[in-house]
Amino acid sequence: MWRFRWILASLATVLTLGIMSVSGSADVYSGVYGSIISTDAMRPDRLKENTTTSFDIVLRPKNESELYHQAADVNDPTKSAFKNYLTAAGVRQNYGQPESVTNEWRKFLRQKHLATHVYDNGLLMNVSGKVKYINRLFRINLNQATYHPNPLQFGKRRPVIPNRLAKMVWTILGMADHNQAHFFASTDVGLDAQTDNNASKMGDTSRFSKRYQVNQLYQRGLTGKGQTIGVITFGGAKRSDINHFWKHEGAGTDNSRYLVRNVKGSLFDSSAVDNQNQEATMDIEYAGSVAPEARVKMYRVKSGVPTIMNLVNAYATALDDNQASALSCSWGLGTNRYYQILNQRRVISPKYLQVLNLILAQAALQGVSNFVASGDNGALNYTVVGVSGSRVLLDRSTDDADPFATSPWVTSVGGTTLPFSSQFKPAGTNLGTVTVNKERSWGTDYDWPVLQAHPSLFAKMPELLPSIGIGGGGGFSHLYATPDYQKGVPGINTFRARQYFSQLNQPIYNQPLLSGTDGGRNYPDVAANADPNTGYMVYQHAKAGDSWISSGGTSIVAPQFAAVTALINSQENSTRMGFWNPQIYQLADQSDSPFTPLNDSDNNSNLYYTGQSNTVYNQASGLGTINFAKLAGSYR
């Protein structure tokens with residue numbers, strides 16, 4: 001479910017492919033509904049004594065509240081500290097622990113046969129070594145380790161560690177990742193890949209660049225030259241696929257453009273490692289085609305599973321490099337109830353939110369623009385409600401959110417649908433035409449008129465039910481207070497909504513429009529075309545069949561936003577755009593805004609939230625779509 005946000009086809013597209021009817025088979029019904037309300041639980045690999053693994057020691061930050069204040073101020077044009085970015089070494093000097101502390105830790109761990117990589121921020125150390133040495137030092141069995149109130153205790157006894165070192169530890173990440181009480185929901189919400197035989201004639205980068213006035217940046221000679229885009233992935237990609245796509249799109253194919261750096265971390269499940277991953281391929285291809293001369297650097301976690309530790313290490317690695325002026329990540333961590341369950345099972349650090357947001361705020365301190373896909377399940381996130389044996393029990397809710405995609409320190413990227421018209425042809429029978437007349441928030445409720453006219457469709461074809469519940473992620477994240485940059489912006493903490501959808505993926509028709517207020521972090525921040533029906537083609541070489549794959553999802557939007565950042569940063573004598581949010585909310589609320597909010601309350605939902613008139617912000621699509629040429633001219 002949370003391994004990536006790659007969405008490959010939506011209902012209208014799939015129905016034209018002639019899926020066979022199953023005439024209400026009981027086995028199919030049980031399988032369909034079973035897949036909606038539960039999924040397999042992935043368990044971590046069991047570790048052997050001579051296996052090498054790693055964990056993170058997180059040191060206590062100095063002046064933590066000041067770190068967050070400065071991270072906001074250096075990105076706010078109304079503050080005197082604006083654009084006074086730090087390096088990772090500067091973060092250490094102001095907020096991290098000195099080298100004397102990390103050197104002493106390194107010396108102590110070396111005596112215990114463990115190697116230490118100290119990140120430049122002076123807050124994070126990755127420790128690696130054989131399981132037997134970790135077990136001996138911490139008096140544990142790593143396969144049974146649990147968190148205790150003492151941040152260094154993971155078994156019945158406390159380890160013997162000098163107090164001067166122990167008192168510097170804030171928490172440890174990854175120590176209980178191989179306890180069998182740890183689990184991961186193994187579902188990827190989406191459909192099987194579909195190919196398009198006409199894809200080789202298409203140039204889908206232009207769909208984005210023309211729609212959102214990126215072409216005007218090209219006309220000014222901006223290509224991203226001299227800039228680096230960082231893409232955080234949990235899978236690999238083939239250079240030959242990327243070069244094929246870039247050549248097709250007219251982008252540079254010099255080998256120096258595509259770089260890979262592996263991230264230190266632990267291997268959660270060896271079966272999840274994917275060296276030719278569709279999501280990673282898509283992200284790299286579109287980052288490098290939208291910014292045709294920028295370097296694209298993949299920060300790859302080989303684990304394949306986005307644990308908190310591995311994600312934090314990926315960011316720390318990119319921030320140590322300090323090469324990328326923009327970062328993109330399309331992987332989700334999962335909603336917070338999942339982490340609450342892990343916390344109750346004592347297999348995750350109770351400080352997971354604090355550590356995650358600390359490293360994301362560091363990116364803002366360093367002037368890095370940071371884009372994260374908001375999700376592809378619409379407003380109703382898949383949320384974990386429990387575990388039964390080998391099954392993870394799921395529900396769909398607007399009240400749970402991914403702590404990563406909704407962090408106040410990322411620019412959360414949502415989705416829209418472009419105008420289109422398509423025949424609705426299940427099993428080759430034309431049931432009508434689906435038409436979208438203007439760009440709208442992404443949600444499959446545009447299929448509802450045809451579905452309502454054929455009420456027996458799902459009785460005959462229940463396997464279609466999982467495919468109709470997709471749309472751009474958006475709503476309210478109650479994990480966080482409303483950020484200062486959102487306060488006072490029209491539409492923030494108010495909403496309009498309509499119940500389009502049930503928890504069991506059943507469409508609901510003709511529901512009244514609701515109005516209300518809520519609070520917390522409103523997300524997404526911005527949006528662009530993400531609907532697979534108006535989406536993009538990705539190249540991934542296949543031995544059989546077509547190598548061009550139809551795709552969509554907010555995950556394909558995030559790397560394109562990072563690429564446009566590289567274009568704007570490549571202007572002569574420009575400084576990094578930095579963390580977008582403090583500035584874009586100010587620009588959106590001004591006259592001649594570069595943003596177009598999607599305010600309609602009809603035909604404009606993410607399967608719950610709609611637009612509301614006379615607002616700047618709406619939860620289905622954030623501040624709306626962007627005229628990037630105008631943004632480049634008004635962004636300071």
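Starting afresh in each chain, residues are numbered from 1 along the sequence in its written order. Given that the model is predicted, a residue must reach a pLDDT of at least 70 before its local features are reported, and side-chain atom pairs must reach 80 or more before they are shown or counted; all residues, however, enter totals for whole chains, interfaces and linings. With hydrogens and water excluded, all non-hydrogen atoms of the structure serve as input to the side-chain values.

Bringing unusual backbone geometry into the picture now. Between Y523 and P524 the backbone carries a cis peptide bond, its omega angle lying at 5 degrees. Put simply, DSSP H or I for four residues or longer makes a helix, DSSP E for two residues or longer makes a strand, and each gets a number counted from the N terminus. Along the chain, P524 falls in the loop between β21 (521-523) and β22 (526-529). Phi at L607 is positive, roughly 75 degrees, even though this residue is not glycine. Inspection of the secondary structure puts L607 in the loop between β25 (595-596) and β26 (625-626). Of note in the backbone geometry, N614 takes a positive phi value of approximately 60 degrees without being a glycine. Take N614: it is sitting in the loop between β25 and β26. A 1.4 Å probe rolled over the protein chains alone gives each residue an accessible area, and that area as a share of the maximum for its type sets the label: buried under 20%, exposed over 50%, partly exposed in between. Exposure remark for N614: the relative accessible area of 73% places this residue in the exposed category.

What follows covers helix α6 (residues 131-138). Extensive coverage of α6 is indicated by the burial of six of its eight residues. Buried within α6 are the following residues: V131, Y133, I134, N135, L137 and F138. One or two steps after α6, the chain reaches R139, where phi turns positive at roughly 55 degrees.

This next bit is on the layout of surface pockets. In this analysis the probe radius is 1.4 Å and the grid spacing 1 Å, with only protein atoms considered; a cavity is a set of points the probe fits into but cannot get out of, a pocket is an open set with protein on both sides within 12 Å along at least five of seven lines, and lining residues have an atom within 4 Å of a point. Grid points are joined across faces, edges and corners, and a volume is the space filled by probe spheres set on the points. In this structure, the largest pocket spans a volume of roughly 570 Å³. Breaking the lining of the largest pocket down by element, the ones donating at least two residues are α3 (64-73), α14 (352-365) and α18 (581-588). Counting residues per element, the lining of the largest pocket draws most heavily on α3, at six residues. Residue composition of the lining of the largest pocket, by class: 13 nonpolar, six polar and five charged. Here the nonpolar group is Ala, Val, Leu, Ile, Met, Phe, Trp, Tyr, Cys and Pro; Asp, Glu, Lys and Arg are the charged ones; every other residue, Gly included, is treated as polar.

In this fold, P483 is placed in the loop between β18 (475-477) and β19 (494-497). Each C-alpha atom, one on P483 and one on N163, is 38 Å from the other, the two residues being 320 residues apart in sequence. Those residues within four positions of P483 in sequence are excluded, and the remaining contacts are P408, G520 and R521. What makes two residues a contact is simply this: any of their non-hydrogen atoms within 4.5 Å.

Right, let's talk about the packing of helix α11 (residues 278-290) against helix α17 (residues 554-569) for a bit. Simply put, an axis is a line fit to the C-alpha atoms, just over the touching stretch for a helix, and the angle between two N-to-C directions goes from 0 to 180 degrees. Look at α11 against α17: their axes get within 8 Å of each other, and the N-to-C directions meet at 30 degrees. In terms of orientation, α11 and α17 fall into the roughly parallel class. When the axes of α11 and α17 are compared, the crossing they make is right-handed. Between α11, through E279, M282, D283, Y286, A287 and V290, and α17, the contact on the second element is made entirely by S555, I556, P559, Q560, A563, V564 and L567. Looking at the contact of α11 with α17, its residues break down into nine nonpolar, two polar and two charged. In what follows, roughly perpendicular refers to angles from 65 to 115 degrees, roughly parallel to angles under 35, roughly antiparallel to angles over 145, and oblique to any angle outside these ranges. Handedness of a crossing is defined here by the sense of rotation of the near helix relative to the far one, left-handed for an anticlockwise turn of less than a right angle and right-handed for a clockwise turn.

Turning our eyes to something else, we now look at the nonpolar core. Joining through side-chain atoms within 4.5 Å is the link that ties buried Ala, Val, Leu, Ile, Met, Phe, Trp, Tyr and Cys residues into a set, and such a set is a nonpolar core. Ranked by size, the top nonpolar core spans 163 residues in total, and within it W105, F138, M175, F561 and F628 carry the most contacts. If you tally residues by element for this core, the top one is α14, at eleven residues. Those residues within four positions of M175 in sequence are excluded, and the remaining contacts are F55, I134, F138, I140, L142, A145, Y147 and F154. Counting 19 residues, the second largest nonpolar core, distinct from the first, contains V32, V450, L451 and Y500.

Salt bridges are defined by distance alone: a side-chain nitrogen of Lys or Arg within 4 Å of a carboxyl oxygen of Asp or Glu. The full count for this structure, using the stated rule, is eleven salt bridges. The closest approach of N and O atoms between R391 and D40, which form a salt bridge, is 2.6 Å. Taken together, the positions of R391 in strand β13 (residues 391-397) and D40 in strand β1 (residues 38-42) put the pair 351 residues apart, joining distant regions of the chain. Given a relative accessible area of 41%, D40 falls into the partly exposed group.

The next point concerns empty space enclosed by the protein. Under the criterion given, the structure shown has four cavities of 30 Å³ or more. When its volume is computed, the second largest cavity comes out at roughly 120 Å³. If you trace the second largest cavity, you find 18 residues lining it, with D177, H182, T307, I308 and I348 closest to the centre. Sorting the residues of the lining of the second largest cavity by element identifies β5 (169-173), α12 (308-321) and α13 (336-344) as the ones contributing at least two each. When residues in the lining of the second largest cavity are grouped by element, the largest group, three residues, is from α13. By residue class, the composition of the lining of the second largest cavity is 13 nonpolar, four polar and one charged.

Relative to the helices and strands, T205 is located in helix α8 (residues 205-211). When its relative accessible area of 7% is taken as the criterion, T205 is described as buried. Considered as a pair, T205 and Q540 are 335 residues apart in the sequence and their alpha carbons are 16 Å apart. Filtering out sequence-adjacent residues up to four positions away, T205 remains in contact with F245, E249, Y286, S289 and V290.

In regions of low pLDDT, the predicted coordinates are not meant to be interpreted in detail. The share of residues in the protein with pLDDT of 70 or more is 92%, and the mean pLDDT across the chain is 92. A score between 0 and 100, pLDDT records how confident the predictor is in each residue. Counted against residues more than four places away or in other chains, residues 1-24, with its pLDDT under 50, gives 128 contacts. A low-confidence stretch, residues 189-201 stays under pLDDT 50, and its non-local contacts, those more than four residues away or across chains, total 32 contacts.

As a further point, take the packing of aromatic side chains. Centre distance within 6.5 Å is the pairing criterion for rings of Phe, Tyr and Trp, where only the six-membered ring of Trp is used; planes under 30 degrees apart are then read as stacked, over 60 as edge-to-face, and the remainder as tilted. What the rule picks out here adds up to 33 aromatic pairs. Taking the centre distance of 5.9 Å and the plane angle of 70 degrees together, the rings of F476 and F495 count as edge-to-face. Of the two residues, F476 sits in strand β18 while F495 sits in strand β19, which places them 19 residues apart along the sequence. Taking relative accessible area as the criterion, F476 reaches 2% and is therefore assigned buried. With centroids separated by 5.3 Å and ring planes inclined at 65 degrees, the aromatic side chains of Y539 and W548 adopt a geometry described as edge-to-face. Three or more aromatic residues link up through ring pairs in this structure, and these residues are F208, Y212, F371, F561, W580, F628 and Y635.

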